[in-house]
Amino acid sequence: MDQLLAMRIFHALVEARSFSAAGEMLDMSHSSVSRQLKQTESALGVALVNRSTRQFSLTPAGERYHRHCIDIIGRVDAMTHAMTDEREQPSGPLRVTVPLAIGTLELPAWLPAFRLRYPDIELTLSCSDQYVDLLAEGFDLALRISSTPLADSNLQAKLLTASETVLVASPGYLSQAGLPRTPDALASHQCLRFARPNSPDAWTITTPDAQIQRVSLSSAFATDAITALFSAALAGAGIAAFTERTVRAELARGTLVRVLPQCTLGRSHYYALYPQTRHVNPKVRAFIGFMAEHYQES
């Protein structure tokens with residue numbers, strides 16, 4: 001007996017709740033479905049369906065068997081799709097929404113390699129720090145940066161990486177204003193604020209001896225765009241906080257310098273979010289896999 005076929009027929013029977021309807025779903029006759037059920041019950045040595053009433057119902061053994069059928073069929077189908085997808089180069093349109101930091105400041109570090117690896121994917125990138133409803137607005141997936149756990153949703157989340165939040169400033173600013181040696185010294189500096197709704201007006205800094213200090217931010221400059229904050233820091237307007245990944249290239253070039261490198265402002269997590277589905281679109285899987293690999297290597 002073909003056990004996988006038997007499982008598919010039994011699953012169809014349970015879904016259809018009748019032999020005739022199951023036969024129509026499978027393009028089989030009523031008698032063929034009934035005969036397959038009898039063979040399955042004989043092989044298992046248990047009754048799977050109650051036949052004492054005209055209403056379709058499962059026995060306790062039938063309910064357990066059906067749960068196993070769902071699991072096994074799902075695994076087999078997922079494996080089949082995965083093997084099929086591996087033979088096909090992902091192609092076609094892919095709509096992705098990303099934070100401004102990833103879509104602008106980090107873009108040169110990953111986009112050229114992605115285009116080289118997947119030339120047939122037509123990538124449309126929407127760059128915004130605002131929350132986007134993927135399903136309502138027609139996006140295939142989202143990348144998000146969060147310093148707090150993500151709220152429960154109907155989306156699947158994959159953690160790509162985590163990055164420490166660091167303080168930076170331009171060499172020009174530090175040469176004029178001096179290099180702060182302690183969190184208290186920040187009070188006399190221009191501390192640039194990332195001003196989004198509900199964003200804090202102070203930095204919470206943990207010192208090497210595990211002391212926590214709050215540093216109020218000056219009102220000299222505030223912006224709701226990470227790109228403007230980045231430009232202000234480069235221009236020497238003051239000290240700003242970014243994830244280390246966002247400013248990694250500037251730190252390497254020396255156009256930005258770490259401030260209070262012995263202290264920490266916590267960590268932010270990079271997530272890929274996409275609709276929950278049994279079979280993830282090959283383009284979505286390719287983009288997520290590439291970004292996970294990029295962050296792991298860098």
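Residues numbered from 1 in each chain as written. Predicted model: local features only at pLDDT ≥ 70, side-chain atom pairs only at ≥ 80, totals over all residues. Heavy atoms only, no water.

Asks: Would you take a moment to explain the overall build of the protein for this structure?
Replies: Regarding its fold elements, the protein presents 11 helices and 11 strands. Here the C-alpha radius of gyration of the protein, 28 Å, is well above what a compact globule of 298 residues would show, namely 19 Å. Oriented by its inertia axes, the alpha-carbon framework of the protein measures out at about 90 × 45 × 30 Å. Burial analysis of the protein (298 residues in total) assigns 41% to the buried set. Total accessible area computed for the protein in this model is approximately 16,200 Å², and 51% of it derives from carbon and sulfur atoms. Each charge sign in the protein was given a centre, from 27 positive and 28 negative side chains, and these centres are 4 Å apart. (Helix = DSSP H or I, 4+ residues; strand = E, 2+ residues; numbered from the N terminus. Rg over C-alpha atoms; globule rule 2.2 N^0.38 Å. Buried < 20%, exposed > 50% of the residue type's maximum accessible area, 1.4 Å probe, protein only. Areas by Shrake-Rupley, 256 points an atom, 1.4 Å probe, with all protein chains shown as cover. Lys, Arg positive; Asp, Glu negative; His and termini not counted. Charge placed at Lys NZ, Arg CZ, Asp CG, Glu CD.)

Asks: Got a minute to help me understand the packing of aromatic side chains in this structure?
Replies: Any two aromatic rings considered together are summarised by their centre-to-centre distance and by the angle between their planes. Counted by the stated rule, this structure contains 7 aromatic pairs. Considering the side-chain rings of Y270 and Y295, the 5.1 Å spacing of their centres and the 65° angle between planes classify their relative orientation as edge-to-face. Of this pair, Y270 sits in strand β11 (residues 267–275) while Y295 sits in helix α11 (residues 282–297); the two residues are 25 residues apart in sequence, bridging distant segments of the chain. Each of the two residues, Y270 as well as Y295, counts as buried. (Phe/Tyr/Trp six-rings, centres within 6.5 Å; stacked < 30°, edge-to-face > 60°.)

Asks: Is there a simple way to explain unusual backbone geometry in this structure?
Replies: Negative phi values dominate among residues other than glycine, just as trans dominates among peptide bonds. Of note, the phi angle at D27 is positive, near 60°, even though the residue is not glycine. Looking at the secondary structure, you find D27 in the loop between α2 (19–26) and α3 (30–44). Of note, A210 is a non-glycine position whose phi angle comes to about 70°, a positive value. By the element assignment, A210 lies in the loop between β6 (202–206) and β7 (212–216).

Asks: Looking at this model, I keep getting lost on the pattern of salt bridges. Mind explaining?
Replies: Pairing between side chains becomes possible if they bear opposite charge and their charged atoms approach one another. Following the criterion strictly, the structure yields 6 salt bridges and no others. For the salt bridge of D71 with R75, the shortest nitrogen-to-oxygen distance reads 3.1 Å. With a gap of 4 residues between them, D71 and R75 both fall in helix α4 (residues 60–87), about one helical turn apart. What makes R75 exposed here is its relative accessible area of 58%. (Salt bridge = Lys/Arg side-chain N within 4 Å of Asp/Glu carboxyl O.)

Asks: Explain α3 here, please?
Replies: Side chains of residues three or four places apart in an α-helix project in the same direction, reflecting 3.6 residues per turn. For α3, which comprises 15 residues, the first-to-last C-alpha distance of 21 Å matches the rise-based estimate of 21 Å (1.5 Å per residue) to within 8%. If you check which residues of α3 are buried, you get S32, V33, S34, Q36, L37, T40 and E41. Trailing α3 by a residue or two, G45 shows a phi angle of about 75°, which is positive. (Expected span 1.5 Å × (residues − 1).)

Asks: Is there a simple way to think about the state of the cysteines in this case?
Replies: Disulfides are covalent bonds that link the sulfur atoms of two cysteine residues. All told, the structure shown has 0 disulfides when counted by the stated rule. Free of any disulfide, C263 has its nearest cysteine sulfur in C191, 13 Å distant. Look at C263 and you get buried, because its relative accessible area is 6%. (Disulfide = S-S within 2.5 Å.)

Asks: Explain the confidence of the model for the protein here, please?
Replies: One rule of thumb: low pLDDT means the predicted coordinates there are not for detailed reading. On average, residues of the protein carry a pLDDT of 89, and 95% of them reach 70 or more. Model confidence for the protein, summarised as mean pLDDT per element, is weakest for α4 at 83 and strongest for strand β10 (residues 257–259) at 97. (pLDDT = per-residue confidence, 0-100.)

Asks: Just checking my understanding: could you explain the pairing of β11 for this structure?
Replies: On a regular strand, each side chain points to the face opposite its neighbour's, so the side chains alternate between the two faces of the sheet. Taken together, the 5 bridges between strand β3 (residues 141–146) and β11 define a ladder with antiparallel strand orientation. Its bridge partner being in β11, S146 is matched across the sheet by H269. Here 9 bridges tie strand β4 (residues 155–169) to β11, and the two strands are oriented antiparallel to one another. Considered in β11, the bridge of L159 is made with Y271. (Pairing = 2+ DSSP bridges.)

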